[in-house]
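Close look at the chain arrangement
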Amino acid sequence: RWKGGCSFCVYQKAPLQPVAETVDQLMSQMEYLQHSQEFTSFSIQSEGPFRFLIPLLERINDSDLDMRQLFIRGRAASFHRNQAKLERAVDLARAGDFALVSWQIGYESFCQPQLDLYNKGTSAEENLSALQFNRRLAQRHPGHFADLNNTHGMILWNPWTTFDMLKADFQVICRHMPERL
């Protein structure tokens, strides 16, 4: 049985296309959309973008794409475990004069029993670490990194949720994501 959460998140265990081919296909799609539709913002629809993000950004910077924003998403644990790559990615975005935007991050919960119930394969501490890191990165690199926290995923209750579980999530949201209230 695969561990790691919802059906769209477990695809990270599926066989992957080689990085070079992934980057080639993404560049081809972005070039087509920019030339045919004048797009300047793109969203990478991958739950695990970090394996190809640096080579992709290097290719974007070496291309003639007029990039304004590149949206990336994924599981909070992936953002937590790839902080050094994310720092490097922001440096590349700055070099290319565009913004890297994190959105639709699956934090799900900051309460360990909830994460365990949903078989998320991560910890509340990792989720909080990712949230705090992304916030600090956005503060340090305005214009080149943004964290669209109003798009992130949360599972707040189910039939087994206790008031203590809700309180744990609510405390983190109040402290770190007050705009979600």
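Remember, it's a predicted structure, so these values are computed and weren't measured experimentally.

Gaps between atoms show up when a probe of the same size as a water molecule is rolled over them. Tallying each qualifying case throughout the model produces one cavity of 30 Å³ or more. Roughly 40 Å³ of internal volume is contained in the largest cavity. Forming the walls of the largest cavity are Arg75, Ala76, Ala77, Gly106, Tyr107, Glu108, Leu115, Lys120, Thr122 and Asn127. Elements with a contribution of two residues or more to the lining of the largest cavity: helix 4 (76-81) and strand 3 (99-108). Among the elements that make up the lining of the largest cavity, the one with the highest residue count is strand 3 (three residues).

Turning to a nonpolar patch on the surface, a few remarks are in order. Taken together, the side chains of Leu117, Tyr118 and Trp160 define a hydrophobic patch exposed on the protein surface, amounting to about 340 Å² of accessible area. Along the chain, leucine 117 turns up in helix 6 (residues 112-117).

So, about the environment of valine 172. In this structure, valine 172 sits in helix 8 (residues 163-176). Judged by its relative accessible area of 13%, valine 172 falls in the buried class. Taking C-alpha positions, valine 172 is 8.1 Å from leucine 128, a pair spaced 44 residues apart along the chain. In this structure valine 172 touches Phe110, Leu128, Leu131 and Met177, once residues within four positions along its chain are discounted.

With that out of the way, let us pick up unusual backbone geometry. Phi at glutamine 104 takes a positive value of approximately 50°, unusual for a residue other than glycine. Within the fold, glutamine 104 resides in strand 3.

Quick look at helix 7 (residues 124-140) now. Here helix 7 contains 17 residues, and its C-alpha end-to-end distance of 24 Å stays within 8% of the 24 Å for a straight helix at 1.5 Å per residue. Turning to helix 7, its buried residues number three or more, namely Ala124, Glu126, Asn127, Ser129, Ala130, Leu131, Phe133, Asn134 and Leu137. Looking at the packing, one finds that the buried side of helix 7 touches helix 4, helix 5 (83-95), strand 3, helix 6, strand 4 (145-147) and helix 8.

Moving on: the pairing of strand 2 (residues 69-75). In terms of burial, strand 2 is largely enclosed, as six of its seven residues are buried. Pairing analysis gives three bridges linking strand 1 (residues 41-43) to strand 2, with the strands arranged parallel. Residue pairing for strand 2: phenylalanine 42 is matched across the bridge by leucine 70. In this fold, the crossover linking strand 1 to strand 2 by way of helix 3 (residues 53-62) has right-handed handedness. Summarising the sheet, strand 2 and strand 3 pair through six bridges and their orientation is parallel. When the bridges of strand 3 are listed, phenylalanine 71 appears paired with valine 101.

Cut-off values and rules
Residues numbered from 1 in each chain as written. Predicted model: local features only at pLDDT ≥ 70, side-chain atom pairs only at ≥ 80, totals over all residues. Heavy atoms only, no water. 1 Å grid on protein atoms, 1.4 Å probe; cavity = no way out; pocket = protein on both sides within 12 Å on 5 of 7 lines; lining within 4 Å. Points joined across faces, edges and corners; volume = space filled by probe spheres on them. Helix = DSSP H or I, 4+ residues; strand = E, 2+ residues; numbered from the N terminus. Patch = residues over 30% accessible without salt bridge, like charges linked within 9 Å, V, L, I, M, F, W, Y side chains within 5 Å. Areas by Shrake-Rupley, 256 points an atom, 1.4 Å probe, with all protein chains shown as cover. Salt bridge = Lys/Arg side-chain N within 4 Å of Asp/Glu carboxyl O. Buried < 20%, exposed > 50% of the residue type's maximum accessible area, 1.4 Å probe, protein only. Contact = heavy atoms within 4.5 Å. Expected span 1.5 Å × (residues − 1). Pairing = 2+ DSSP bridges. Right-handed = clockwise from strand over helix to strand, strands pointing away.

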